[in-house]
There are 2 protein chains.
Amino acid sequence: MYLRTLDAAAGEGRSTISSSAIARAFGFTDAQVRRDLACLGQTGRPGVGYQPVTLAARIRKSLSLDRTWNLAIVGVGKIGAALMGYPRFAGGGFRVTAAFDADPDLIGQDIAGTRIEPLSQLERSVREANVDLAVLAVPGPVAQSVATDLVNAGIRGILNFAPVRLHVDVPVQPIDLSRSLEQLAFEVSSTA
Amino acid sequence: MYLRTLDAAAGEGRSTISSSAIARAFGFTDAQVRRDLACLGQTGRPGVGYQPVTLAARIRKSLSLDRTWNLAIVGVGKIGAALMGYPRFAGGGFRVTAAFDADPDLIGQDIAGTRIEPLSQLERSVREANVDLAVLAVPGPVAQSVATDLVNAGIRGILNFAPVRLHVDVPVQPIDLSRSLEQLAFEVSSTA
């Protein structure tokens, strides 16, 4: 959230931003913002504020985002295809370097500069393309088996869109769009 | 998670499923599963298990998912367009009934059976199409203003893909794909 706010301020050409302006952006208190940012060392000047570009770089470094992470898109359905050219991934240091699907009609197609390869090529191509992280967007029933293959191929983390809990030895970030929508519908019903 | 597991079991044609099979699917204990499902009343039979179809229907009812929710897609970029024909939304009782964008090249186009309308039509069309929930996938800088318009038009909840915290009086479910990927990269770096 800090990065989003700082990047937006930098994008607007602002050379400084106050802790209260940052706090307003996401409903924290000034004190919380100053406390959080103090963890990074001396980053702001009292009465002046923070330099958005410098502070964003400092946060990126502390989060290991000051490098390029190579992504594989695994499963090129609607979501997978959308993420192949997702501008906010590219802007954040993430680069799609490989894509895989089981559908013969998709294999060989080129989306946003990346050719879709057959799943059978996964292990070899993941190694060759130096892929760090996988975006798993395959159907639920095959997700665990593909995830196991990905980890065996050397993938170090998975962004999981499949509606199953994965059992793997690497970090997983689950994103279940249907569940989020169901949760929203439930909250709406509860507050009505 | 229960719904995913029960729907999968029903899809495989199973007439019963045990609490331990459900528990295995997402790493709970049998006891936790039985306790959770007991909240819905008498749903299973000792030594026999649960009927996937019946139990899924009971859960859907308790979550207000036993009806159709009309969705508007607001912002038809890569993610918005992908969600217009997203099969898992349709399968879960969510139906896209309207779509909006500011881009003249997109307006008038038809994606998965829904015509893209100009943002200026938002208030009128949201009322006419009886839209319940909005999927907000517009750029960050305009997200708050569009969200305000949506709530004024009668939208009751927002699935928010824009990288900003919205200040509105309806439930919001945020989904920040870049943030999830950054979080994943950070976890991978921390465990390396």
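Residue positions within a chain follow its written sequence, with the count starting from 1. Each chain gets a letter, beginning with A, and each ligand a number, beginning with 1, in the order they are written. Reporting in this predicted model follows two pLDDT cut-offs: at least 70 for local features of residues, and 80 or more for side-chain atom pairs to be given and counted; totals over whole chains, interfaces and linings ignore these cut-offs and use all residues.

### Some thoughts on the nonpolar core
The term nonpolar core means buried Ala, Val, Leu, Ile, Met, Phe, Trp, Tyr and Cys residues held together as one set by C-beta atoms within 7 Å. Residue burial here comes from a neighbour count, namely the number of other C-beta atoms, placed from the backbone, that lie within 10 Å of the residue's own C-beta, with 20 or more meaning buried, 12 or fewer meaning exposed, and in between meaning partly exposed. With 87 residues, the main nonpolar core has I73, V74 and L136 of chain A together with I73, V74 and L136 of chain B as its most contacted residues. In contact with L136 of chain B, other than residues within four places in its own chain, are V74, G75, A143, V146, A147, I158, L159, N160, F161 and A162 of chain B. Counting residues in hydrophobic clusters, the runner-up holds 9 residues, among them L6, A9, I17 and I22 of chain A. We call two residues in contact whenever the C-beta atoms placed from their backbones are within 7 Å.

### So, the relation of the copies chain A and chain B
With an RMSD of 0.0 Å, the operation that places chain A on chain B is a rotation of 180 degrees combined with a shift of 0.0 Å along the axis. Both copies are brought into coincidence by an operation consistent with a two-fold rotation axis. Every residue of chain A has its C-alpha some distance from the rotation axis, and the shortest such distance is that of A82 of chain A, at 3.1 Å. Copies overlap after least-squares fitting; the atoms used are the C-alpha atoms of residues with pLDDT of at least 70 in both.

### Details of the domain arrangement of chain A
Throughout the structure description, domain borders are defined by an automatic or database domain assignment. One can read the domain layout of chain A as domain 1 (2–62) and domain 2 (69–178). Put simply, the middle of domain 1 of chain A and the middle of domain 2 of chain A, counted by C-alpha atoms, are 33 Å apart.

### Some words on the environment of T54 of chain B
Residues and elements named next belong to chain B. Helix and strand assignments follow DSSP, with helices taken as H or I runs no shorter than four residues and strands as E runs no shorter than two, numbered in order from the N terminus. Within the fold, T54 resides in helix 4 (residues 52–62). A count of 14 C-beta atoms within 10 Å places T54 in the partly exposed class. Spatially, the C-alpha atoms of T54 and T43 are 8.3 Å apart, while their sequence positions differ by 11 residues.

### So, the interface of chain A and chain B
Chain A puts 41 residues into the contact, and the matching count from chain B is 41 residues. Mapped onto the side of chain A that touches chain B, the elements with two or more residues apiece are helix 1 (2–11), helix 5 (78–84), helix 6 (87–91), strand 8 (157–160) and helix 9 (177–191) of chain A. For the side of chain A that touches chain B, the element with the most residues is helix 9 of chain A, which contributes 13 residues. Each residue is assigned to one of three groups, with Ala, Val, Leu, Ile, Met, Phe, Trp, Tyr, Cys and Pro labelled nonpolar, Asp, Glu, Lys and Arg labelled charged, and all others, Gly among them, labelled polar. Grouping the constituent residues of the side of chain A that touches chain B by class yields 22 nonpolar, 12 polar and 7 charged.

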